[in-house]
Amino acid sequence: MKRPVAVESASAIIDARITELGDWRGKMLAKVREIIHEADPEIVEERQWVRATSPGTPVFSHGGIVCTGETYKNVVKMTFAKGAALKDPSGLFNSSLEGNVRRAIDIHEGDKVDEVALKDLIRAAVALNLKGKNKPKPKPKPRRASSKRAD
């Protein structure tokens, strides 16, 4: 009989990633994560796009993906799934600006995060995800009986 493989929680994997990085990127990912949870305590941590060559991407969701928290050699990147539809009065978005859907914030070593503006952006992303979730789906229109012509 096969024994089930233990599945680590996404939160535990994000914790491990922060520790593994051990530099400014790990500290920044931890800070961003803290800001996300302060903005919306109902945020759920997930891990998506897991491959043999990648442990996956940390994803923060509430009613759908709010944003991801990726780490690269020189940047911590927060990609907002529906960022193009969000107002960004503080100008936090500085990457992926040409896309029709996503927008991202690249945070470099030494950058200071505008916590108030970031929380506002996160709350707006959650509100956008939840908008329309409570509306009843329209009923499908009844189909007409097809009239098949005899040849």
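Calculation notes
Numbering of residues starts from 1 in each chain and follows the order in which that chain's sequence is written. Where totals are concerned, whole chains, interfaces and linings use all residues; where local detail is concerned, this predicted model gives features only for residues with pLDDT of at least 70, and gives and counts side-chain atom pairs only at 80 or more. The side-chain quantities take in all heavy atoms of the structure and omit both hydrogens and water. Put simply, DSSP H or I for four residues or longer makes a helix, DSSP E for two residues or longer makes a strand, and each gets a number counted from the N terminus. Each residue's exposure class comes from its accessible area (1.4 Å probe, protein chains only) as a fraction of the maximum for that residue type: buried when under 20%, exposed when over 50%, partly exposed otherwise. Contacts are assigned to residue pairs with any non-hydrogen atoms lying within 4.5 Å of each other. All accessibility values rest on the Shrake-Rupley procedure with a 1.4 Å probe; residue burial counts only the protein chains present in the view. Strand pairing is assigned whenever DSSP identifies at least 2 bridges connecting the two strands. Helix span, as expected, comes to 1.5 Å for every residue beyond the first. Here a polar contact means two N or O atoms within 3.5 Å. Within protein one must be a hydrogen donor candidate and the other an acceptor candidate, and residues neighboring in sequence count only if both atoms are side-chain atoms. Where helices are involved, their axes are fitted lines through C-alpha atoms of the stretch in contact, as for all axes, and angles between N-to-C directions lie from 0 to 180°.

Colleague: I keep staring at the overall build of the chain and nothing clicks. Help me out?
Modeller: A tally of regular secondary structure across the chain gives three helices and five strands. Scored against the burial criterion, the 151 residues of the chain give a buried share of 38%. For the chain, long-range pairs separated by at least 24 residues make up 48% of all intrachain contacts whose partners lie at least 6 apart in sequence. Summed over all atoms, the accessible surface of the chain reaches about 10,700 Å², with 52% contributed by carbon and sulfur.

Colleague: How should the pairing of strand β2 (residues 57-61) be read in this particular structure?
Modeller: Successive residues of a regular strand alternate their side chains across the two faces of the sheet. By the criterion of burial, β2 is predominantly enclosed, with five of the five residues buried. Across the two faces of β2 the burial is the same, with T57, V59 and S61 and P58 and F60 all buried. With five bridges joining them, strand β1 (residues 44-48) and β2 adopt antiparallel strand pairing. Paired with E46 across the two strands is V59, which belongs to β2.

Colleague: How should I be thinking about helix α2 (residues 24-39) in this particular structure?
Modeller: Think of an α-helix as 3.6 residues a turn; residues three or four steps apart then line up on the same face. Compared with an ideal rise of 1.5 Å per residue, which puts 16 residues at 22 Å, α2 spans 22 Å between its outermost C-alpha atoms and is within 8% of the ideal. Among the residues of α2, W24, R25, G26, M28, L29, V32, R33, I35, I36 and A39 are the ones counted as buried. Between a side-chain oxygen at the N-terminus of α2 and the backbone nitrogen of R25 the separation is 3.0 Å; the capping residue is D23.

Colleague: Sorry, what's going on with the sheet that holds strand β3 (residues 65-71) here?
Modeller: The pairing of strands in a sheet happens through backbone hydrogen bonds and is either parallel or antiparallel. Spatially, the five strands line up as an open sheet ordered β1-β2-β3-β4-β5, and their pairing is antiparallel. The open sheet has two edge strands with one neighbour each: β1 and β5 (103-107). Each adjacent strand pair in this sheet contributes to an overall mean axis angle of 25°, direction not counted. As paired elements, β3 and strand β4 (residues 76-80) share five bridges and run antiparallel to each other. Residue pairing in the sheet places G69 in a bridge with M78 of β4. Sheet contacts for helix α1 (residues 10-21): β1, β2 and β3; angle to β1, the most-contacted strand, approximately 75°.

Colleague: Explain the environment of I105 to me, please; I cannot follow it from the model alone.
Modeller: By the element assignment, I105 lies in strand β5. Between the C-alpha atoms of I105 and G83, which are 22 residues apart in sequence, the distance is 9.9 Å. The contacts of I105, once residues within four sequence positions are left out, are V76, K77, M78, F80, L92, F93, N94, L118 and L121.

Colleague: Honestly, the side chain of T68 in this entry has me stumped. Any pointers?
Modeller: Secondary-structure assignment places T68 in strand β3. At a separation of 2.7 Å, a polar atom in the side chain of T68 contacts the side chain of E70. Non-local contacts of T68, meaning those with residues more than four positions away in its chain, are made with W49, T57, P58, V59, F60, K77, M78 and T79.

Colleague: Got a minute to help me understand the pairing of β3 in this structure?
Modeller: Most of β3 is tucked away, with six of its seven residues classed as buried. The sheet contact formed by β2 and β3 spans three bridges and is antiparallel. Within β3, the position partnered with V59 by the bridge is T68. Counted along the chain from β2 to the antiparallel partner β3, the turn is three residues long, and its residue G63 has a positive phi close to 75°.

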